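# Observations on the model geometry
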Amino acid sequence: NFRNYSFDELFFDEVQSDSESDTDSDDGSQTETSEASQKSTPECQKEIEKLIMNCVDLILATAASVLSLPCRQCFFSGSNVVLSAMSHRQENKERELNNSLREIVTKIRTAKLCSEICDRLLEGVFEYINALIFNELMAESECCTAEIGLNIKLVLSQLSEWMATSSVLHEITSEECYSTELQQRLLPLTHAANALVVLPNVTMDDFSSDDDLFDTFSALSVVQLHQLVQQFTFTLKSREEISPAIKQTIQQHTDEIQRHEDDVFFEFPFYMEPSNPTSPRK
């Protein structure tokens, strides 16, 4: 969780430590460092904040529009939308988000930052995307449908393909970042989409135990899964409902724990929040 760190700790402590290690190497030579790591901390921080501003603007221009009211019908299989037109618009949304991510990694590459900072920036971008869409699901019952779940899964599939094939992404980040960490940042949204698609089509008999049910969607807390189930809405195109037995099981486990209203939402990376002094969003 990025909230565990200050801005300097998140972006500079490890980089400065690595730089000191390079300087103290046995042969007395200093390894080549990025342009950003050679700059003073205030100068580098200003440059990173500008990058973050550009990243957030690009995400909001695409990921946020996916869940905005004018776009819900075309992106989320609105019942009054012709299938072919819906499919075309769906592809456009996937393409727009991929294009924004390509632009983000290109901007980060142009800044010539070291790989540690690139990793953290990209992880923050994907954590932001996860929170942006996931929180909308938690807040809006009209978004909690099997159709929406399926379409989110399609978008996430496109993002996974992009992460696996983007040469620019692989160039500026570590293998652990692009092969594991970025996927982990989207795991809660992935499990939420899976729940919207799977739960209306199964019963408790399909799970070996209560734990099996919760393990299937392990990236969600009991409270988040409960919120998703309670908000689930069937549509004209998808009339299946979540079985009462599944709802009752989740309700029982939710009643056994202390919970707060904010427990259902994911926090944004602290440096992307409107309330943060260094936030790019005003």
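Now for a quick tour of the structure. Model, not experiment: these values are computed from the prediction. (Residues numbered from 1 in each chain as written. Predicted model: local features only at pLDDT ≥ 70, side-chain atom pairs only at ≥ 80, totals over all residues. Heavy atoms only, no water.)

Our focus in this paragraph is the environment of Leu-182. In this fold, Leu-182 is placed in helix H9 (residues 175-185). When its relative accessible area of 0% is taken as the criterion, Leu-182 is described as buried. If near-sequence neighbours (up to four positions away) are discounted, Leu-182 is found in contact with Leu-122, Glu-123, Phe-126, Met-163, Leu-169 and Cys-177. (Helix = DSSP H or I, 4+ residues; strand = E, 2+ residues; numbered from the N terminus. Buried < 20%, exposed > 50% of the residue type's maximum accessible area, 1.4 Å probe, protein only. Contact = heavy atoms within 4.5 Å.)

Let's shift gears to the packing of aromatic side chains. Enumeration over the complete set of coordinates arrives at 3 aromatic pairs. Ring geometry for Tyr-128 versus Phe-268: centroids 4.9 Å apart, planes at 45°, classification tilted. One end of the pair, Tyr-128, is in helix H6 (residues 115-139); the other, Phe-268, is in the segment after helix H13 (244-255), and 140 residues separate them in sequence. Here Tyr-128 matches Phe-268 in class, with each residue buried. (Phe/Tyr/Trp six-rings, centres within 6.5 Å; stacked < 30°, edge-to-face > 60°.)

Let's shift gears to the side chain of Ser-166. With respect to the helices, strands and loops of the structure, Ser-166 is situated in the loop between helix H7 (146-165) and helix H8 (167-172). For Ser-166, the side chain forms a polar contact with the main-chain nitrogen of Leu-169, separated by 3.1 Å. (Polar contact = N/O pair within 3.5 Å; in protein donor to acceptor, adjacent residues only side chain to side chain.)

Although it is not a glycine, Lys-112 adopts a positive phi angle of roughly 55°. Looking at the secondary structure, you find Lys-112 in the loop between helix H5 (83-110) and H6.

Turning our eyes to something else, we now look at the nonpolar core. With 72 residues, the main nonpolar core has Ile-108, Val-125, Phe-126, Leu-137, Leu-199 and Ile-246 as its most contacted residues. Ranked by the residues each element gives to this core, the list is headed by H6, at 14 residues. Setting aside residues no more than four positions away along its own chain, Val-125 makes contact with Cys-55, Ile-59, Leu-101, Ile-104 and Met-272. (Core = buried A, V, L, I, M, F, W, Y, C linked by side-chain atoms within 4.5 Å.)

Attention shifts here to H7. Compared with an ideal rise of 1.5 Å per residue, which puts 20 residues at 28 Å, H7 spans 29 Å between its outermost C-alpha atoms and is within 8% of the ideal. Among all positions of H7, only Ala-146, Glu-147, Ile-148, Gly-149, Asn-151, Ile-152, Val-155, Leu-156, Leu-159, Trp-162 and Met-163 are buried. (Expected span 1.5 Å × (residues − 1).)

A word on the pattern of salt bridges. Under the criterion given, the structure shown has 4 salt bridges. Taking the shortest distance from any N to any O, the salt bridge between Arg-185 and Glu-123 comes out at 3.3 Å. Of this pair, Arg-185 sits in helix H9 while Glu-123 is found in helix H6, placing the two residues 62 residues apart along the sequence. Taking the shortest distance from any N to any O, the salt bridge between Glu-181 and Arg-185 comes out at 2.9 Å. One end of the pair is Glu-181 and the other is Arg-185, both in helix H9 and 4 residues apart, which spans about a single turn. (Salt bridge = Lys/Arg side-chain N within 4 Å of Asp/Glu carboxyl O.)

Just geometry here; none of it tells us what the structure is for.
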